[in-house]
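Listed here are the chains, written in short residue letters.
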Amino acid sequence: MFGYIVVHRPELKVKEYEAYQAAYCGLCSSLRRRHGWLGQMTLSYDMTFLALLLTGLYEPKTRICIRGCLAHPGRRHACRENPYYDYAADMNVLLTYYKCLDDWQDERKFVRLLYGCLLKSRVRKLQKQYGKKTAKIETLLKKLRRLEEKKICDVDKTAGLFGEIMAELFVCREDAWEPRLRRMGFFFGKFIYLMDAYEDVEEDLKKGNYNAFSDWYGQDDFDKECSGVLKMMMAESSRVFETLPVLKDAGILRNILYAGVWTRYRQVRQRRKENREKP
């Protein structure tokens with residue numbers, strides 16, 4: 001999907017990495033069970049984070065099973081199963097579907113349109129199951145689309161709308177933790193949206209596509225300004241996380257929040273530096 005919410009493996013203990021893999025495989029297993037192989041193809045590290053977060057917060061009974069799969073036919077591996085992996089799987093399919101539609105509208109990527117059409121029957125079921133949530137997400141996406149079509153490069157407005165979408169995904173229950181999860185998801189979503197814009201800005205400008213940072217690009221302090229905004233978004237999301245009573249897999253979640261999310265950022269910045277230095 002986006003691929004920004006990953007672990008920083010060098011700083012993980014062996015047991016933590018094994019637990020993370022079990023979570024990733026658990027999400028994959030849930031996608032296959034609930035949405036078939038088409039759903040399984042939407043698998044992402046982004047929603048693995050959400051499954052880990054909700055499991056750590058609500059501490060449900062989690063089943064660990066050992067199984068094989070087509071992706072790794074030579075070995076069996078551990079998978080986690082609980083209701084929050086199922087919820088993350090559903091949200092993963094929804095978000096992928098909307099991303100496919102966005103890719104089609106932005107760049108006329110036919111393959112993405114086709115994949116979105118194939119997911120549509122599954123999404124209809126999710127829209128019935130999560131009626132209020134999906135209705136709000138679709139309303140927010142329409143607002144975001146209108147701003148992008150008008151080329152309104154207001155970082156706060158556009159990123160804020162995507163932040164509200166992620167806030168909806170982070171909240172799976174109406175309870176005492178809803179305000180904090182919503183706030184954490186809001187800044188998490190803003191970070192993802194702006195990180196995506198930061199990575200794609202050159203390509204978007206060449207193609208004439210909308211990009212939240214198009215007005216900033218070309219300025220001497222472009223990288224510094226973008227870095228500052230991205231750090232503010234993730235700092236706020238991390239601050240809210242630290243107020244949640246999450247003990248299980250807290251080390252993995254902190255690894256992602258404080259190190260893993262910057263993996264692609266460092267790669268993009270290094271690539272830009274190398275391109276500038278080319279003769």
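Up top is the structure.
Note that this is a predicted model, so its numbers are computed, not measured.

**What to know about the overall build of the protein chain**
- Of the regular secondary structure elements, the protein chain holds ten helices and two strands.
- Of the regular secondary structure in the protein chain, the N- to C-terminal order runs α-α-β-β-α-α-α-α-α-α-α-α.
- For the protein chain, whose C-alpha radius of gyration is 19 Å, the value lies close to the compact-globule estimate of 19 Å for 279 residues.
- Summarising its shape, the C-alpha atoms of the protein chain cover approximately 50 × 45 × 40 Å along the three principal directions.
- Classification of the 279 residues of the protein chain by burial places 51% in the buried group.
- Put simply, 71% of the contacts in the protein chain that link residues at least 6 apart link residues at least 24 apart.

**A word on helix H2 (residues 45-58)**
- Taking 1.5 Å of rise per residue, 14 residues should cover 20 Å, and H2 covers 20 Å from first to last C-alpha, within 8% of that figure.
- Where burial is concerned, most of H2 is hidden: 13 out of the 14 residues are buried.
- You can read the cap of H2 off the contacts: a side-chain oxygen lies 3.4 Å from the backbone nitrogen of Asp-46, and it is on Ser-44.
- At the exit of H2 stands Glu-59, carrying a positive phi of roughly 50°.

**Digging into helix H5 (residues 131-149)**
- Counted at 1.5 Å a residue, the expected span for H5 with its 19 residues is 27 Å, and the 27 Å between its end C-alpha atoms agrees.
- Of all the residues in H5, the buried ones are Lys-133, Thr-134, Ile-137, Leu-140, Leu-144, Arg-145, Leu-147 and Glu-148. The arc that holds every buried residue of H5, seen down its axis, measures 160°, which confines them to one face. Along H5, exposed side chains directed more than 90 degrees from the buried face belong to Lys-132, Lys-142 and Glu-149.
- Just beyond H5, the residue with positive phi is Lys-151, at close to 60°.

**So, the environment of Trp-177**
- As for its position among the elements, Trp-177 is in the loop between helix H6 (155-170) and helix H7 (178-207).
- Overall, the relative accessible area of 25% leaves Trp-177 in the partly exposed class.
- Residues Trp-177 and Glu-274, 97 residues apart in the sequence, show an inter-C-alpha distance of 45 Å.

**Examining unusual backbone geometry**
- Located in the positive-phi region is Glu-59, a residue other than glycine, with phi close to 50°.
- Relative to the helices and strands, Glu-59 resides in the loop between H2 and strand E1 (63-67).
- Positive phi outside glycine occurs at Lys-151, with the angle close to 60°.
- Among the structural elements, Lys-151 can be located in the loop between H5 and H6.

**Describing the packing of H7 against helix H10 (residues 263-277)**
- The contact between H7 and H10 brings their axes to 10 Å, and the two run at 20°. Between H7 and H10, the angle falls in the class roughly parallel. Relative to H10, the crossing made by H7 is left-handed. Residues Met-195, Tyr-198, Glu-199, Val-201 and Glu-202 of H7 form the contact with H10, whose participating residues are Arg-264, Tyr-265, Val-268, Arg-269, Arg-271 and Arg-272.
- Residue composition of the contact of H7 with H10, by class: five nonpolar, no polar and six charged.

Procedures and definitions
- Residues numbered from 1 in each chain as written.
- Predicted model: local features only at pLDDT ≥ 70, side-chain atom pairs only at ≥ 80, totals over all residues.
- Heavy atoms only, no water.
- Helix = DSSP H or I, 4+ residues; strand = E, 2+ residues; numbered from the N terminus.
- Rg over C-alpha atoms; globule rule 2.2 N^0.38 Å.
- Buried < 20%, exposed > 50% of the residue type's maximum accessible area, 1.4 Å probe, protein only.
- Contact = heavy atoms within 4.5 Å.
- Expected span 1.5 Å × (residues − 1).
- Polar contact = N/O pair within 3.5 Å; in protein donor to acceptor, adjacent residues only side chain to side chain.
- Arc of directions from axis to C-beta.
- Axes fitted to C-alpha atoms, helices over the stretch in contact; angles between N-to-C directions.
- Parallel < 35°, antiparallel > 145°, perpendicular 65-115°, else oblique.
- Left-handed = near helix turned anticlockwise from the far one by under 90°.
- Nonpolar A, V, L, I, M, F, W, Y, C, P; charged D, E, K, R; others polar.

Geometric values such as these leave the question of function open.
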